[in-house]
Amino acid sequence: MKFQAPRGTYDILPEDQAYWRFVTEMTRQVCELYGYERIDVPVFEQTGLFERGVGETTDIVEKEMYTFRDRSDERMTLRPEFTAGICRAYAERKLHGRPQPLRLYTIGPAFRYERPQAGRYRQFYQVDVEVLGSQDPAIDLEVMQVAWQIYEAVGIKGLSFQVNSTGCPACRPGYIATLKAWYEQHLDGICDDCRRRYGENPLRLLDCKRESCGKIAEGAPRIAKSLCGACNDHFVQLRSYLDALGRPYEVNHRMVRGLDYYTKTVFEVWAEGIGAQNAVCGGGRYDGLIGMVGGPETPAIGFASGIERIILTMKQEGIEPPEVPKPAVFVAYLGAEAKDAAVVLAQELRSAGVGAAALWEDRSLKAQMKQADRIGAAYTLIIGEEEVKNGVVMVRRMADSTQTALPRWEVLDAVKGGGTA
RNA sequence: GUGGGCAUAGCUCAGUUGGUUAGAGCGCUAGACUGUGGCUCUGGAGGUCGCGGGUUCGAAUCCCGUUGCCCACCCCA
């Protein structure tokens, strides 16, 4: 039986690890710079949490969740996103008793059963950033800044930031009514999908990708004009902060988001050239969610950013991550006696914090040298019969092919600081 | 769930109107250099031609089915 990775999953092979290290490390640094603390929540939760939190009628809940019954017959679901789990933790662990607002971030895998395509997988990794316990638009700005700075830190340039307001339970229903009323006269101009959306999810009419529908959507009434006082003030304030910082952004009144919990601010970050799934980041405010999953009414905002899509963008822009550290020295030997000495020497080096690799296959010196070259060792230490007899080690500096025989006790000092590890 | 494209060596790909033992480059490995990497040269290993069936004297090539991958829709990170 030959096994294969499940559809939509992949292996992060050694040669790709440099990207992953770099992105997660930059994320950690930026989040800490802003005073965000790391939290990790379970990979699976009770199914009901996502049904309530993400929304019963969303695509995610209706057709994309990995749901199963465990051995106690409890319905469990692999997390399709992070926000619901973090809100659950906030309520369950009484995190509202800590200094507010609470700034959190996490990194890990999420799962959705979808057809894979460019930048989309069934197991995918996200950076997730959340602030719980504040409704100030300055917090919206701060959260967006975290995203911006992460992309800056990994060197991505060609991104565009999209912002909109989706209103709140007080004003959104009115807008939806207005929108539907307006679309009533345009039903024959839109596509079949859009006619379905008209009934099921009218906000979705706005972001249809078809050119003909797009033209119509462009002329549709804008939510900005239907916002209640509080939502309008919030959006105006956020935009003035963005302007003050000189951040390039676009108010995109046709951007709506597919999760039910969003209120007021929503935003996305788009990248070009990574395929149809161009949203590298999506997020927004969810002032009602924590209350819905059993916590105190608490305003909050956050975003999730897809690591695969970040890396895709980096590759698209030709950004190379720093190399993963390699052993500083390679230990080569010839003969059984020399092997004994080499095994001990390699371990001494490692104990002293100097990375040491070897082949241990009793291969020719040439093969060992070749290996040393390939792994990028700064020094190769050669031990043969001669060296064993004289208590010395041949220390060869690979960069300029110079070598000298040194007494064993001088080897460590000679080699220290020679490599990246 | 729907639509399109592609499956030949570890990788990237050739393979004529169906015709002997399916090739190249890279990579791996060994030697040239009996104890020295990168360059060069020479040799070697490595293939159920995705899988199953059919047509045919003969199939990598034609037909049917199937699986997988890629891309797009829906939707989302």
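Check the entry above for the structure.
Residues numbered from 1 in each chain as written. Chains lettered and ligands numbered in written order. Predicted model: local features only at pLDDT ≥ 70, side-chain atom pairs only at ≥ 80, totals over all residues. Heavy atoms only, no water.

**Student:** Break down the pairing of strand β9 (residues 263-271) for me, citing the residues and quoting the values.
**Tutor:** Most of β9 is tucked away, with 8 of its 9 residues classed as buried. Note: β9 against strand β10 (residues 279-285), 6 bridges, orientation antiparallel. Opposite Val-269, over in β10, you have Cys-281 as the bridge partner. (Buried < 20%, exposed > 50% of the residue type's maximum accessible area, 1.4 Å probe, protein only. Helix = DSSP H or I, 4+ residues; strand = E, 2+ residues; numbered from the N terminus. Pairing = 2+ DSSP bridges.)

**Student:** With reference to specific residues and values, describe the sheet that holds strand β15 (residues 392-397).
**Tutor:** The mixed open sheet is built from 5 strands, whose spatial order is β13-β12-β14-β15-β16. Among the strands making up the open sheet, the edge pair consists of β13 (356-358) and β16 (402-407). Pairwise comparison of adjacent strand axes, ignoring direction, gives a mean angle of 30 degrees for this sheet. Strand direction decides the pairing type here: strand β12 (residues 329-333) and strand β14 (residues 379-383), joined by 5 bridges, are parallel. The residue bridging Ala-332 from the neighbouring strand is Ile-382, located in β14. This element, helix α13 (residues 365-375), spans β12, β13, β14 and β15 of the sheet and lies at about 175 degrees to β12. Contacts from helix α15 (residues 408-415) reach β12, β14, β15 and β16 within the one sheet, and its direction differs from that of β16 by about 135 degrees. (Axes fitted to C-alpha atoms, helices over the stretch in contact; angles between N-to-C directions. Contact = heavy atoms within 4.5 Å.)

**Student:** I'd love a proper account of the nonpolar core, names of residues and values included.
**Tutor:** In this structure, Tyr-36, Val-146, Tyr-151, Tyr-183 and Met-314 are the most contacted members of the largest nonpolar core, which totals 65 residues. A total of 10 residues in this core trace back to one element, the largest contributor, which is helix α5 (residues 137-154). Contacts of Tyr-151, omitting those with residues within four sequence positions, involve Ile-156, Leu-159, Phe-161, Val-269, Val-280, Cys-281, Ser-305 and Ile-310. Counting residues in hydrophobic clusters, the runner-up holds 30 residues, among them Leu-132, Leu-259, Tyr-262 and Val-266. (Core = buried A, V, L, I, M, F, W, Y, C linked by side-chain atoms within 4.5 Å.)

**Student:** If you had to explain the sheet that holds strand β4 (residues 75-78) to someone new, which residues and values would you point to?
**Tutor:** Taking strand neighbours across the sheet as the criterion, the 3 strands line up as β2-β4-β3 in an open arrangement whose pairing is antiparallel. Bordering the open sheet on either side are β2 (44-46) and β3 (66-69), each of which pairs with just one other strand. Neighbour to neighbour, the strand axes of the sheet diverge by 30 degrees on average, direction disregarded. Inspection of the sheet shows β2 paired to β4 by 3 bridges, in the antiparallel sense. Following the sheet pairing, Gln-46 is matched in β4 by Met-76. Against the sheet, helix α2 (residues 47-54) touches β2, β3 and β4, its axis set at about 80 degrees to β2.

**Student:** If you had to explain the protein's contact with RNA strand B to someone new, which residues and values would you point to?
**Tutor:** Close to RNA strand B lie 49 residues; Arg-112, Arg-120, Arg-204, Gly-258 and Ser-401 are nearest. Close to the protein, within 4 Å, the atoms of RNA strand B are drawn from sugar and phosphate at a rate of 54%. The backbone of Ala-118 places a nitrogen or oxygen atom 3.0 Å from a phosphate oxygen of RNA strand B. A distance of 2.9 Å is found between a sugar or linking oxygen of RNA strand B and a backbone nitrogen or oxygen belonging to Ala-279. Mapped onto the surface near RNA strand B, the elements with two or more residues apiece are α3 (59-64), β6 (123-132), α7 (192-200), β10, β11 (300-306), α13 and α14 (385-390). Of all the elements, α13 adds the most residues to the surface near RNA strand B, at 6 residues. Split by residue class, the surface near RNA strand B holds 14 nonpolar, 12 polar and 23 charged. (Near = heavy atom within 4 Å. Polar contact = N/O pair within 3.5 Å; in protein donor to acceptor, adjacent residues only side chain to side chain. Nonpolar A, V, L, I, M, F, W, Y, C, P; charged D, E, K, R; others polar.)

**Student:** Please set out the packing of aromatic side chains residue by residue, giving values where relevant.
**Tutor:** Applying the stated criterion across every chain yields a total of 10 aromatic pairs. Geometrically, the ring pair formed by Phe-267 and Phe-303 is edge-to-face, given 6.2 Å between the ring centres and 65 degrees between the ring planes. In this pair, Phe-267 sits in strand β9 while Phe-303 sits in strand β11, placing the two residues 36 residues apart along the sequence. The two residues Phe-267 and Phe-303 agree in class, both being buried. Considering the side-chain rings of Tyr-333 and Trp-360, the 5.7 Å spacing of their centres and the 25 degrees angle between planes classify their relative orientation as stacked. A residue pair is termed long-range when its members are at least 10 positions apart, and Tyr-333 in strand β12 and Trp-360 in the loop between β13 and α13 qualify at 27 residues. For Trp-360, a relative accessible area of 28% translates into the label partly exposed. (Phe/Tyr/Trp six-rings, centres within 6.5 Å; stacked < 30°, edge-to-face > 60°.)

**Student:** Provide a residue-level description of the pairing of β11, including the pertinent values.
**Tutor:** For β11, a buried count of 7 out of 7 residues is recorded, marking the element as mostly surrounded by other parts of the structure. Across 7 bridges, the pairing between β6 and β11 is antiparallel. For Asp-128, the partnering residue across the bridge sits in β11 and is Ala-304.

**Student:** For the packing of α5 against helix α9 (residues 229-245), give the residues involved together with the corresponding values.
**Tutor:** Where α5 meets α9, the closest approach of the two axes is 8 Å, and the angle between their N-to-C directions is 45 degrees. One way to sum up the angle between α5 and α9 is to call them oblique. Here α5 runs over α9; the crossing is right-handed. Packed against α5, whose contacting residues are Pro-137, Ala-138, Asp-140, Leu-141, Met-144, Gln-145 and Trp-148, the element α9 presents His-234, Gln-237, Leu-238, Tyr-241, Leu-242 and Leu-245 at the interface. Residue composition of the contact of α5 with α9, by class: 9 nonpolar, 3 polar and 1 charged. (Parallel < 35°, antiparallel > 145°, perpendicular 65-115°, else oblique. Left-handed = near helix turned anticlockwise from the far one by under 90°.)

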